[in-house]
Amino acid sequence: MAQMPRQPLFLARSSYRQRRLRDAIRFLPITGIVLLMLPLLWPRGPDGPGNGQVLIYIFSAWSFLILLSFLLTRRLRNDDAEEGNEPKAEDG
Amino acid sequence: MLTFNLLVAAALAYVAFLFTIAFIAERRASLGKVAWLRGPLIYTLSLSIYCTAWTFYGAVGFAARSGLEYLTIYLGPTLVMLGWWWFLRKLVRIGRSQRITSIADLISSRFGKSTALGVIVTALCVVGVTPYIALQLQSLTLSFAVFADAGGSEWVAGDLNAVALYAAGGLAVFTILFGTRNLDANERHHGIVLAIAVEAVVKLAALMAVGIFVVWGIAGGVEQTLARIEASDIAHWEQSGGRWVGLTFVAAAAFLCLPRMFHVLVVENDNERHLATASWAFPTYVMLMSLFVVPIAVVGLDLLPEGSNPDLFVLTVPLNQGREGLATLSFLGGFSSATSMVIVATIALATMVSNHIVVPIWLRSRGQGAMMSGDVRAVVLTARRLSIIGVLTLGYVYYRLSGGGAALAAIGLISFVGVAQILPVMMGAIFWRGATRVGAAAGLTTGFAIWAWALFLPSFGEGAILSARVLAEGPWGIGWLRPSALFGFDALDPLLQAALWSMLLNTAVFVVGSLLSFPSPLERLQGAQFVNVFEHSAGAQTWAPNSAQAEDLLIVAQRIIGPTEAQAAFQRAARAQGKAGYLPDVTPEFVQTVERMLAGSVGAATAHAMVSQTLEGAAVSVEDLIAVADEAAQILEYSNKLEAKSAEQERTARALRDANQKLTALSIQKDAFLSQISHELRTPMTSIRSFSEILREGGTDVAAQQRYAGIIQDESIRLTRLLDDLLDLTVLENGQVVLNQQEGSLADLLDRAVDTSGLRSGGIKVIRRPADEAIALSTDLDRLGQVFINLVSNAQKYCDAENPELRIVVRQTPQGPVVDFIDNGSGVPEASQEVIFEKFSRLEDHARAGGAGLGLAICREVMLRLGGEIFYLPGQGGAAFRVVLPKSQAMAAQ
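Residues numbered from 1 in each chain as written. Chains lettered and ligands numbered in written order. Predicted model: local features only at pLDDT ≥ 70, side-chain atom pairs only at ≥ 80, totals over all residues. Heavy atoms only, no water.

Looking up chain B in an unreviewed UniProt entry gives the name histidine kinase, with the organism given as Flavimaricola marinus.

Draft legend 1. Molecular detail of empty space enclosed by the protein. Residues and elements named next belong to chain B. What the rule picks out here adds up to three cavities of 30 Å³ or more. Reported here for the largest cavity is a volume of approximately 110 Å³. Mapped onto the lining of the largest cavity, the elements with two or more residues apiece are helix 25 (521-531), helix 28 (588-602) and helix 29 (604-614). Looking at which element gives the most residues to the lining of the largest cavity, the answer is helix 28, with four residues. Residue composition of the lining of the largest cavity, grouped by class: four nonpolar, six polar and three charged. Three or more residues apiece are contributed to the lining of the largest cavity by two domains, here domain 1 (40-403) and domain 3 (522-631). (1 Å grid on protein atoms, 1.4 Å probe; cavity = no way out; pocket = protein on both sides within 12 Å on 5 of 7 lines; lining within 4 Å. Points joined across faces, edges and corners; volume = space filled by probe spheres on them. Helix = DSSP H or I, 4+ residues; strand = E, 2+ residues; numbered from the N terminus. Nonpolar A, V, L, I, M, F, W, Y, C, P; charged D, E, K, R; others polar. Domains from an automatic or database assignment.)

Draft legend 2. Structural detail: the interface of chain B and chain A. Taken together, the contact between chain B and chain A spans 42 residues of the former and 41 residues of the latter. For the interface between chain B and chain A, the tally reads zero salt bridges. Here chain B is connected to chain A by eight residue pairs in polar contact (both at pLDDT 80 or more). When residues of the side of chain B that touches chain A are traced back to their parent elements, those giving at least two are helix 5 (72-82), helix 6 (88-97), helix 11 (222-231), helix 12 (241-257) and helix 14 (273-291) of chain B. It is helix 14 of chain B that contributes the most residues to the side of chain B that touches chain A, ten residues altogether. The class makeup of the residues in the side of chain B that touches chain A is 25 nonpolar, eleven polar and six charged. (Contact = heavy atoms within 4.5 Å. Salt bridge = Lys/Arg side-chain N within 4 Å of Asp/Glu carboxyl O. Polar contact = N/O pair within 3.5 Å; in protein donor to acceptor, adjacent residues only side chain to side chain.)

Draft legend 3. Structural view of the packing of aromatic side chains. Residues and elements named next belong to chain B. A complete count under the given rule lists 25 aromatic pairs over all chains for this structure. Taking the centre distance of 6.1 Å and the plane angle of 85° together, the rings of Trp54 and Tyr132 count as edge-to-face. Of this pair, Trp54 sits in helix 3 (residues 53-56) while Tyr132 is found in helix 8 (residues 115-150), placing the two residues 78 residues apart along the sequence. As far as burial versus exposure is concerned, Trp54 and Tyr132 are alike and both buried. By way of ring pairs, the aromatic residues Tyr50, Trp54, Tyr132, Phe255, Phe282 and Phe416 are connected into one cluster. (Phe/Tyr/Trp six-rings, centres within 6.5 Å; stacked < 30°, edge-to-face > 60°. Buried < 20%, exposed > 50% of the residue type's maximum accessible area, 1.4 Å probe, protein only.)

Draft legend 4. Just helix 36 (residues 855-866) of chain B, in detail. Relative to the 16 Å expected for twelve residues at 1.5 Å per residue, helix 36 of chain B spans 16 Å between its end C-alpha atoms, a close match to the ideal helical length. Of the residues trailing helix 36 of chain B, Gly867 of chain B is marked for its positive phi of about 85°. (Expected span 1.5 Å × (residues − 1).)

Draft legend 5. Examining the confidence of the model for chain A more closely. All names here are of chain A. Looking at chain A as a whole, its pLDDT mean stands at 76, while 71% of the residues score no less than 70. Of all secondary-structure elements in chain A, the lowest mean pLDDT belongs to helix 3 (residues 80-89), at 40, while helix 2 (residues 51-75) reaches the highest, 92. Across residues 80-92, confidence stays below pLDDT 50; counting only partners more than four residues off in sequence or on other chains, it has 22 contacts. (pLDDT = per-residue confidence, 0-100.)

Draft legend 6. Region of the structure containing the pattern of salt bridges. The tally for this structure, following the rule as stated, stands at 17 salt bridges over all chains. Its salt-bridge partner being Arg768 of chain B, residue Asp751 of chain B comes within 2.9 Å of it at the nearest N-O pair. Remark: Arg768 of chain B occurs in strand 2 (residues 765-768) and Asp751 of chain B occurs in helix 33 (residues 746-756); sequence separation between them is 17 residues. A salt bridge links Asp820 of chain B to Arg811 of chain B; its shortest N-O distance comes to 3.1 Å. Relative accessible area serves as the criterion here: at 0%, Asp820 of chain B is assigned to the buried category. Overall, Arg811 of chain B belongs to the partly exposed group, its relative accessible area being 23%. Salt bridges here are not isolated pairs; linked through shared partners, they connect Arg20, Asp23 and Arg26 of chain A.

Draft legend 7. Region of the structure containing helix 20 (residues 411-420) of chain B. Among the ten residues of helix 20 of chain B, ten are classified as buried, and the element is accordingly described as predominantly covered. All of the buried residues in helix 20 of chain B are Ile411, Gly412, Leu413, Ile414, Ser415, Phe416, Val417, Gly418, Val419 and Ala420 of chain B.

Draft legend 8. Geometry of unusual backbone geometry. Residue and element names in this part refer to chain B. Positioned with a positive phi, Lys113 is a non-glycine residue whose angle comes to about 50°. In this fold, Lys113 is placed in the loop between helix 7 (103-110) and helix 8. Residue classification places Lys113 among the buried residues on the basis of a relative accessible area of 14%.

Draft legend 9. Quick look at the side chain of Gln239 of chain B. Tracing the chain through its elements places Gln239 of chain B in the loop between helix 11 and helix 12. Exposure remark for Gln239 of chain B: the relative accessible area of 6% places this residue in the buried category. Side chain to side chain, Gln239 of chain B and Glu69 of chain B meet in a polar contact 3.0 Å long. Not counting residues up to four positions away in its chain, the partners in contact with Gln239 of chain B are Leu40 and Arg44 of chain A together with Ser66, Leu68, Glu69 and Trp244 of chain B.

Draft legend 10. Geometry of the packing of helix 10 (residues 190-219) of chain B against helix 11 of chain B. Residue and element names in this part refer to chain B. The geometry of helix 10 relative to helix 11 is characterised by a closest axis approach of 8 Å and an angle of 95° between their N-to-C directions. Accordingly, the angle class assigned to the pair helix 10 and helix 11 is roughly perpendicular. Across the interface between the two elements, Val215, Trp216, Ile218 and Ala219 from helix 10 touch Val222, Gln224, Thr225 and Arg228 from helix 11. (Axes fitted to C-alpha atoms, helices over the stretch in contact; angles between N-to-C directions. Parallel < 35°, antiparallel > 145°, perpendicular 65-115°, else oblique.)

Draft legend 11. Up close: the UniProt feature "transmembrane region" (unreviewed entry) in chain A. All names here are of chain A. Per the UniProt record, the feature "transmembrane region" (unreviewed entry) sits at residues 24-42 and 54-72. The distance separating the terminal C-alpha atoms of residues 24-42 is 28 Å; by composition the span is 74% helix and 0% strand. End C-alpha to end C-alpha, residues 54-72 measures 27 Å, and it is 100% helix and 0% strand. (UniProt positions renumbered as here; feature names shortened; annotations may be inferred.)

In structure tokens form, the structure reads like this:
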């Protein structure tokens, strides 16, 4: 008896997760812009970090973004049917 | 020492290898085995044509000159791929649902299928990309020259030009061979995609190999490499913020707008899901491509003598170290980068030029629009082939004119800024319903003009097109129009200020123009379909119903996408409506389907023009369009759903209505037949009776007796034949017939049919192609022959042309081999096509008909028993019947 209401709740939770996953994917390019533009705030010339360090930073940030994108898109489910209702279900 | 000839041999072997790969891919695709060709991996690799020879060789030079700035060229596309959910997903969905063939087609289609916009975008792309193609030719010749120098032979300009010419020629052959193989409804090229995927692997492997050699082979490890960087000329982080942001933006915009990128990203995309994979795989690819650029630059600056060209370090560093194998690999990498870019860019440009410039002009020059005679497919393919040759010639000419100097090296970024001018209109097209054609045209023209003035024309150098005076003081001495400092801003560098002004004014003019102008109904409709592509799963209504003849549409479609595909598509549509045969009802949805089908081959604007000409000015009703495109679209969406639910009932109702119509027509014809059959029976009976009476009374001479007996006999034979036919039909219909399996060949059977009908002796002319008829049959040959004889003698009897001709065409279709009997008479009117196979039907003209209208009914019953099919084939310019040969038997015999 107690299991009956749990079933729909579980389903809603999974589609809720999917929608938040899409939100996370939407945020990816913004994260990317922030991370990749960050070096512009650093001091220039001989006093600042050398190009070697900047290079290491950029490639680390780059790898991080790729890894993030890989992990997020891998969990993305392919349900076209849901996409149509997406705007309405947005706040769900 | 690596000889120069060996290198040429390696390049040729590599090219042969690419041809083989492309050929195998095409072969497999034609057999339907496309799954592995269309995976996400191949898709991601095909995107790598973004990395051209300019980035392969030039990135190192870029790094040697301005430190880490080269990274922006790769960071821009990385951000676009990470943001796939925002733009690319929508772009790909639109591309698929609207059958978009190029970026010009996208813009033209969105703004009311406008021909003018298609021409503007095409012109912009040709002007922007041609120098880029020239740049690839230059890098090819330079890399050859490096080896020639190393081999001890000094090259003169003539040799370089010859290499460029051979390269352009070879690329034209490859592109024409695999890029215009067919006029695919989806504009997809399996061979080319696989070839560029292989080239992508080669160039990545080459650059990584050189990088690994430099870091671990020369510098001695990661730490030592970092130490070398600290000690080099580019040790310090001195990046200008404006250029970092600006170049990243320009690269991102170009990634979306470059015709070749749009082609691989959107047109060749097979599955939206591939974007999800590419969103991490493509950034990985470009990251690896740029990983070793700085080490190679630093080591090159260290090792090579002062003044050597840093753009060629990727080649000269291994050569300097005596690693000829590595240098060759690196050469092939650069070769791959250049060729793959040129091939895809050429296809994309040629598609645009042929669809938006050549074909519309050709159609207009013919004056008759879409209904002219001849095969449009051949014209479109020829136009595309000529466009390919034209684009490559233009690239070569540009290379020769520019002298292959430093002016060309700067063209990469200039080209990027040029095509980026499409970005505002493209974004408006897919996100803003209010964007209009007028605004788009004005914005594009503004951006194009500013770019040309501030960047493109000055790039030819002082005095080439703009005089030194104009460059220094502005035209007519107007200082604020100086190309390098528009509006008096000279704080930014020329590239950045040109990019800034062109993009800003472009966007502003586009927005203001859109706000002030009023869109046409078709624009509003297309706007709704583009912007709300995820909600509008079903297409909206475009055409007033029932204003076109299905047969006319079939004729147009056959000319463009080919008879087999067009007939199959029409048959599918008819079946979906619950009808048999090839002519569906001309519903708005059906017209839209046809238009999209054609758009896949010739572009939206042309397809729209052709269909509207076919509909003979039955223009879109404004109320219809407003109703859909208006903000009330959501209400309509709801009613659409209701409509979808009732579609099933409607299908059934339509089938019932059709059946009812047929029954009514038949019952009328049945009455007519009864009187006809009585008449048919009575006429011979009357003459038999009269003549036998004369004979019985006697008093006639022998000659007359003979003649009367002859008439009696003829009439009895006619009577018998009529009764035989009726009997035959009854037996067939009741399924009591015994089939007599025999082996034989189709050619023999057709020969016999033609002979029996007495066609050899004159009258109608029979045209056949014996080569196609070599098909072995295993079925009841007598019965099948009966069908053929009937069709052939029908043509003889009814064909009313002055010089009657009967074409007997054997085709291979997905349903198996079919035989078409096509004459050049006036054909069967559409109203009668439905009933000619019914057993009591016959066309109006009783006088020339010999039988009682049973022939075709018997044919249909026979084919049914044999397991084949026979039906009337509309739209062939005369009466045409298609016989689908009995499948299993025909297959078994092969």
